[in-house]
Amino acid sequence: MKTKSNLKAILFLGSFMALAISINSCKDPENPTPPTNEEELITTLKVELTDTLSGQKLNYFFRDLDGEGGNAPSQWDTIKLSNSSFYKVSIKFLNESNSNAVQDITQEILAEQADHIVCSTPQGVNTIITVTDTDGTYKLGLASTWKTTTPSIGNITIILKHQPGIKNGSCDPGETDVQVTFPTVIK
Amino acid sequence: MLLKTKILSVLLLMLFGLTKAYSQNYELKGILKDSVTNEVLAYATVYNITLSKGTQTIADGSFILETSNGKNLIKIDHIGCDTKFLTLNFSKNTDTVIYMAHHQHELEDVIIVAEKNKLIQLEKDRLKYDDIVISGSKPIASILDKMPGVSSLKTGFTIAKPMIQGMYGSRVIVLNNGLKQEGQQWGQEHGLEIDPYNTGQITLVKGAEALRYTGDAIGGILLIEPLYNADDTLKMSMTTAFTDNGRQGNLSVSAEKLLTKKLGLRLQGTYKKAGNLNTPDYYLPNTGFEELNGSLTLKWQPSKHSIFEVFSSIYNNKPGILSTSHIGNLTDLQKIIDNETTPEKGSFTYTIARPYQQINHFLNKAKWKYEISPSLNLEAVYGFQINKRKEFDSHNYFNKTAPSLDFTLHTHQLDFVINKTFKKGFFLKTGLNGYYQTNTYIGRFFIPNYKKSEVYQFALLRYKKNRHELEVGYRAGAINLDAYKWVNNVIVHYPFEYRGISWQAGWLYKISTDWQTALQIGRVWRNPNISEQFSEGLHHGAAAIEYGNKNLKPENAVSINGTLKYRHNKTLFETEVFVKQVKNYIYLRPKFPPELTIRGAFPAFEYVQTDALFAGVDLLLNQQLPQNFSFIEKVSILNVYDQKYTTYINGIPPYRLNHSLVYKMAKFKWLSNSAVTFSMVQVLKQKRYTEGSDYMPPPEGYVLLNAAFTTNVSRYKNLLVFLSADNILNVSYRDYLNRFRYYADETGRMMALGINIKF
């Protein structure tokens, strides 16, 4: 009698363990090859300038291919401009963390333009920046014109803000996705 | 009959000499004894619910209780046992011996606590169901604030994890029904995946007891025991509660019954939903949550000597994260701190938007206990847990619905334990314990994947003689950790191996019937956790870049604590003085200069080691006053000293005092067992802070006024009503232990109304 109940007991425990193991084996945690963990990063800020008079094209970069932290930025250019010039400027955001599959984040910003704003602010350099694109209600900031006057040294800060439902034309609200200060020289 | 159905007693009872009735009050003279060892049980509370009169057993286990003619419902509380209810018939003065049979009520065995030989037994380290159920709207870790010395580390307003005497994270072990709760404990913003509505009791354990379960609980162990009370009648219970702040609604239901004489079943489920909370001045955007939990307990006793238990629980929670806390960079944070962006008034909604978390925890336990002889039993436990955690940052550019971070943690646990009682007062517990754990992630890197196996052997020995109780224990173990991650399209492995021994010794001395004192000394070690070793990257919501260190050495803590307990008539006084020296204490230190990233500049922190000394006092005083009033004082004091650097360690709980006045009414018209509690929570400012080591100095201290009212409606004896109000004065304040103190005030006045019905 006692042996019988013990046997039952062992069967009961055994079947429960079998159940637990079978639940577990649905997903094999032993799998040594985890997914490659593609991350959504903004690694690169590209400033494309076109001198409207000469047609000369200038590209300046900020690049940090492993994202925030880790290695220091690999490229951080000084923007060099000529005095008394007029530039058409286009700002691009890229994910270059995987060199085989560069992603253009600018397209995504355009697709969600009502939730984003790009602000470019000069400091100590004599240039006037005018945003030329809008999301229909407020300015967007991916396209602008930069009009330089006298030679000077300073910097230009470019900020990309995510402002879901709170966009009001100002750069204040929201979450900063990009903020880069480029040293700038006007000769 | 109603009383009988109310609550069970699976308890051996012997009554002698009951004869017939006179209509008057009688005396019940009794002695409470352990049915196995025949030892008397001192300091048990014996309470006659029918008459609302109570007493305590004294050192020789005896008590005298007033009873009325006829049926009396008697409640017996003994530390180390669940509350017991007995319905007894009286018709004259009665002498009795009540045996509490520990091996017989094994069906309710709740791990350590059932081993009533537990050395250190302080009321301050226990929270009972009554305390838990009325606070069931809160996350479980926030309820623990009621214990002196325990605080909760919060991330926002719905995520909390426990902190014991300044220790948190991997230094605090939570045992959920005997299994080590395995979530992503390393993270501050990872709450505890346990449903308070299924919790019968919470006990804080330190010392040798803990070695049965773990050797790395530098802070201590929190035992969380689920409810289980199945007997012959079907018992159902329903708890609902509603809060005004956050407009939270909770519903928890349970049903339990012995299906056959040998097989008991309990089923339980909870649903909670809450919307945006508000401070006295504004709504906290995106602070709602939704939670759905369920559990199943099955206990099968095929013979007198054998018990099987299966416990399965599932916890699903989706908490919103205060949206203003997901800031882009330090400039944004500084703006919020300097109050340049005044918080908008906001509005109420139940909608949970990004950023939010989604957590699923599945816990499974199978336990078999077999009694070879009354003095020898064996225990085997298998545990299996899956913890899934998804974190959704405020937005993704490409895969818009995917989580930004997705962890899956699997844990297997196997225990074999032998309990042996020897003659002459010796008791031995020894066994083996193994874990196997895997963690994988998808998305943003924070910690690598890993596989970890652990093997332990432990033994503890207790000895009781006269007024002395001694206890020694050790736990030896080895840990193998293989962390791996992708580096340039190749999987790189980082193997680690740790070995070590933890030990504890304790001595309890009963000075007199009123006084007892205990001393515990021990050394425990803890291996660095995966985030301390590997974290690398931006911590969203903390605006900090954190760096782990693969070369960290294990922490080694030597602790001494002394306790003193006084209990006499209307006074209970307990105090604990502790000193812990933690060699190689691991913590985050600011690293200069700040790091430049495409998002702007961020302060950087790195995990470093120092030697830290934790010293403090916890205190509980419960003084019954005339006119059914009583005064309860709880004090927690802690100082931490960095023994290597001249700076202070951040994040240490400030001094905390809780003064309460309780008024009890046995009967008032149709209400019974009513209690009104007014309490004043006083938290001082943390002054032990190094200027510049945090974005914001610790907030000012604060005083909150809380009140609670609980009552049983006598016409429906099984209806418990509770009403509470926290922060009655609607004070604006910030709490140092809330990581979101940078962004927003704490919640304002919160009223909760709830009922618990048993049928």
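Everything numeric here is computed off the predicted structure, so don't read it as measured data.

Draft legend 1. Main features of the overall build of chain B. In terms of regular secondary structure, chain B is built from six helices and 39 strands. Out of the 759 residues in chain B, the part that is buried amounts to 60%. Summarising the internal contacts of chain B: among those between residues at least 6 apart in sequence, 66% fall at separations of at least 24. Working note: accessible area of chain B is about 29400 Å², and carbon and sulfur atoms make up 59% of it.

Draft legend 2. Broad picture of the overall build of chain A. Each helix and strand counted, chain A has two helices and 11 strands in total. Listing the helices and strands of chain A from first to last along the sequence gives α-β-β-β-β-β-β-α-β-β-β-β-β. Here chain A, with 187 residues, has 44% of them falling under the buried criterion. Across chain A, every contact between residues at least 6 apart in sequence was considered, and the portion connecting residues at least 24 apart equals 62%. Total accessible area on chain A is roughly 9400 Å²; 56% of this is exposed by carbon and sulfur atoms.

Draft legend 3. The pattern of salt bridges, seen in detail. Overall, the coordinates contain 33 salt bridges over all chains when judged by the stated rule. For Arg599 of chain B, the salt bridge is made with Asp177 of chain A, and the minimal N-O distance between the two is 3.6 Å. Remark: Asp177 of chain A occurs in strand S11 (residues 175-186) and Arg599 of chain B occurs in the loop between strand S32 (571-597) and strand S33 (600-624); the pair is interchain, linking two chains. Arg599 of chain B gets classed as buried once you look at its relative accessible area, which sits at 13%. The buried category is assigned to Asp177 of chain A, whose relative accessible area is 2%. Among the charged side chains, a network of salt bridges with common partners joins Lys124, Asp125, Lys206, Glu576 and Asp618 of chain B.

Draft legend 4. Seen up close, the environment of Pro528 of chain B. Residues and elements named next belong to chain B. Mapped onto the fold, Pro528 is located in the loop between strand S28 (515-526) and helix H6 (530-534). Linking Pro528 and Tyr498, residues 30 residues apart in sequence, is a C-alpha distance of 9.7 Å. Non-local contacts of Pro528, meaning those with residues more than four positions away in its chain, are made with Tyr498, Gln533, Leu552, Lys553, Pro554 and Ile586.

Draft legend 5. Spotlight on the sheet that holds S11 of chain A. Residues and elements named next belong to chain A. Taken in spatial order, the four strands make up an open sheet running S4-S11-S10-S7, and their pairing is mixed. Edge positions in the sheet fall to strand S4 (79-81) and strand S7 (116-123), since each has one partner strand and no second. Averaged over all pairs of adjacent strands, the angle between their axes in this sheet comes to 25°, without regard to strand direction. Bridging between strand S10 (residues 152-162) and S11 involves 11 bridges; their strand directions are antiparallel. When the sheet's bridge partners are listed, Ile156 is paired in S11 with Phe182.

Draft legend 6. Seen up close, helix H5 (residues 330-337) of chain B. Along H5 of chain B, the residues classified as buried are Asp332, Leu333, Lys335, Ile336 and Ile337 of chain B. Residues of H5 of chain B that are buried sit in contact with S10 and S11 of chain A. Positive phi appears at Asn339 of chain B, one or two residues downstream of H5 of chain B, with a value of about 65°.

Draft legend 7. Representation of the state of the cysteines within the structure. Residue and element names in this part refer to chain A. On inspection of all chains with the given rule, the structure shows one disulfide over all chains. Two residues, Cys119 and Cys171, share a disulfide whose sulfurs are 2.0 Å apart. Between Cys119 and Cys171, the S-S dihedral sits near 115°, and the bridge is therefore right-handed. On the criterion of sequence distance, the pair formed by Cys119 in strand S7 and Cys171 in the loop between S10 and S11 is long-range, its members being 52 residues apart. Cys171 shares its class with Cys119; the two are buried.

Draft legend 8. Local environment of the confidence of the model for chain B. Looking at chain B, the pLDDT average stands at 85 and 91% of residues meet or exceed 70. Low pLDDT, under 50, characterises residues 102-117 of chain B; the predicted model gives this stretch 58 contacts beyond four residues in sequence or across chains.

Draft legend 9. Inspection of the packing of aromatic side chains at higher detail. Applying the stated rule across the entire model yields 24 aromatic pairs over all chains. Relative to Trp368 of chain B, the ring of Phe308 of chain B lies with its centre 5.6 Å away and its plane at 5°, an arrangement referred to as stacked. Residue Phe308 of chain B is located in strand S20 (residues 306-319), and its partner Trp368 of chain B is located in strand S21 (residues 356-373); the two are separated by 60 residues in the primary sequence. One aromatic cluster in this structure is built from Phe605, Tyr695, Phe740, Tyr742 and Tyr743 of chain B. In this structure, Arg63 of chain A packs its charged tip against the face of Phe61 of chain A, placed 4.3 Å from the ring centre. Over the ring of Tyr456 of chain B we find Arg475 of chain B, and its NZ or CZ is 4.2 Å from the ring centre.

Draft legend 10. Expanded view of the side chain of Thr214 of chain B. Residue and element names in this part refer to chain B. Residue placement: Thr214 occurs in the loop between strand S14 (199-205) and strand S15 (220-226). Of the polar contacts made by the side chain of Thr214, one reaches the side chain of Asp216; its length is 2.3 Å. In this view, Thr214 contacts Ile173, Lys180, Ile221 and Arg475; residues no more than four positions away in its chain are not counted.

Draft legend 11. Region of interest: unusual backbone geometry. Residues and elements named next belong to chain B. Look at the link from Arg354 to Pro355: it is a cis peptide, with omega at -5°. Structurally, Pro355 is set in the loop between H5 and S21. A positive phi angle, close to 50°, is found at Lys669, a residue other than glycine. Relative to the helices and strands, Lys669 resides in the loop between strand S35 (656-668) and strand S36 (671-683). A relative accessible area of 69% means that Lys669 is categorised as exposed. Positive phi outside glycine occurs at Asn730, with the angle close to 55°.

Draft legend 12. Region of the structure containing the nonpolar core. All names here are of chain B. Membership of the largest hydrophobic core comes to 31 residues, with the highest contact counts inside it found for Ile202, Leu222 and Phe614. Where this core is concerned, the elements lending two or more residues are helix H4 (140-143), strand S12 (172-176), S14, S15, S32, S33 and strand S34 (629-642). It is S32 that provides the largest number of residues to this core, a total of four residues. Every residue in contact with Ile202, bar those within four places of it in the chain, is listed here: Asp125, Arg126, Leu127, Ile132, Ile140, Leu144, Met147, Leu222, Leu223 and Ile224.

Draft legend 13. Structural view of the environment of Tyr663 of chain B. All names here are of chain B. By secondary structure assignment, the location of Tyr663 is in strand S35. Classification of Tyr663 by relative accessible area gives partly exposed; the value is 29%. It is 8.3 Å that separates the C-alpha atoms of Tyr663 and Ser674, two residues lying 11 residues apart in sequence. Discounting residues that sit within four places of it in the chain, Tyr663 has contacts with Gln627, Asn628, Phe629, Ser674, Ala675 and Val676.

Draft legend 14. Quick peek at the environment of Lys369 of chain B. With respect to the element layout, Lys369 of chain B can be found in strand S21. Residue class for Lys369 of chain B comes out buried when judged on its relative accessible area of 8%.

Draft legend 15. Region of interest: the sheet that holds S12 of chain B. Residues and elements named next belong to chain B. The strand order S9-S14-S15-S12-S13 describes an open sheet built from five strands, whose pairing is mixed. Whereas interior strands pair on both sides, the edge strands pair on one side only; in this sheet they are strand S9 (126-128) and strand S13 (179-180). In terms of strand pairing, S12 meets S15 through five bridges, oriented parallel. Within S15, the residue paired with Ile173 across the bridge is Ile221.

Draft legend 16. View of a nonpolar patch on the surface. Residues and elements named next belong to chain B. On the surface, Leu470, Tyr474, Ile501, Trp503, Trp507, Leu519, Ile521 and Ile560 cluster together into a nonpolar patch covering about 690 Å² of accessible area. For the nonpolar patch, the secondary-structure elements that each account for two or more residues are strand S26 (468-487), strand S27 (490-510) and S28. Here the nonpolar patch takes three residues from S27, the largest share from any one element. In this structure, Leu519 sits in strand S28. A relative accessible area of 43% places Leu519 in the partly exposed class.

Parameters and conventions
Residues numbered from 1 in each chain as written. Chains lettered and ligands numbered in written order. Predicted model: local features only at pLDDT ≥ 70, side-chain atom pairs only at ≥ 80, totals over all residues. Heavy atoms only, no water. Helix = DSSP H or I, 4+ residues; strand = E, 2+ residues; numbered from the N terminus. Buried < 20%, exposed > 50% of the residue type's maximum accessible area, 1.4 Å probe, protein only. Contact = heavy atoms within 4.5 Å. Areas by Shrake-Rupley, 256 points an atom, 1.4 Å probe, with all protein chains shown as cover. Salt bridge = Lys/Arg side-chain N within 4 Å of Asp/Glu carboxyl O. Pairing = 2+ DSSP bridges. Axes fitted to C-alpha atoms, helices over the stretch in contact; angles between N-to-C directions. Disulfide = S-S within 2.5 Å. pLDDT = per-residue confidence, 0-100. Phe/Tyr/Trp six-rings, centres within 6.5 Å; stacked < 30°, edge-to-face > 60°. Lys NZ or Arg CZ within 6 Å of the ring centre and 35° of its normal. Polar contact = N/O pair within 3.5 Å; in protein donor to acceptor, adjacent residues only side chain to side chain. Core = buried A, V, L, I, M, F, W, Y, C linked by side-chain atoms within 4.5 Å. Patch = residues over 30% accessible without salt bridge, like charges linked within 9 Å, V, L, I, M, F, W, Y side chains within 5 Å.

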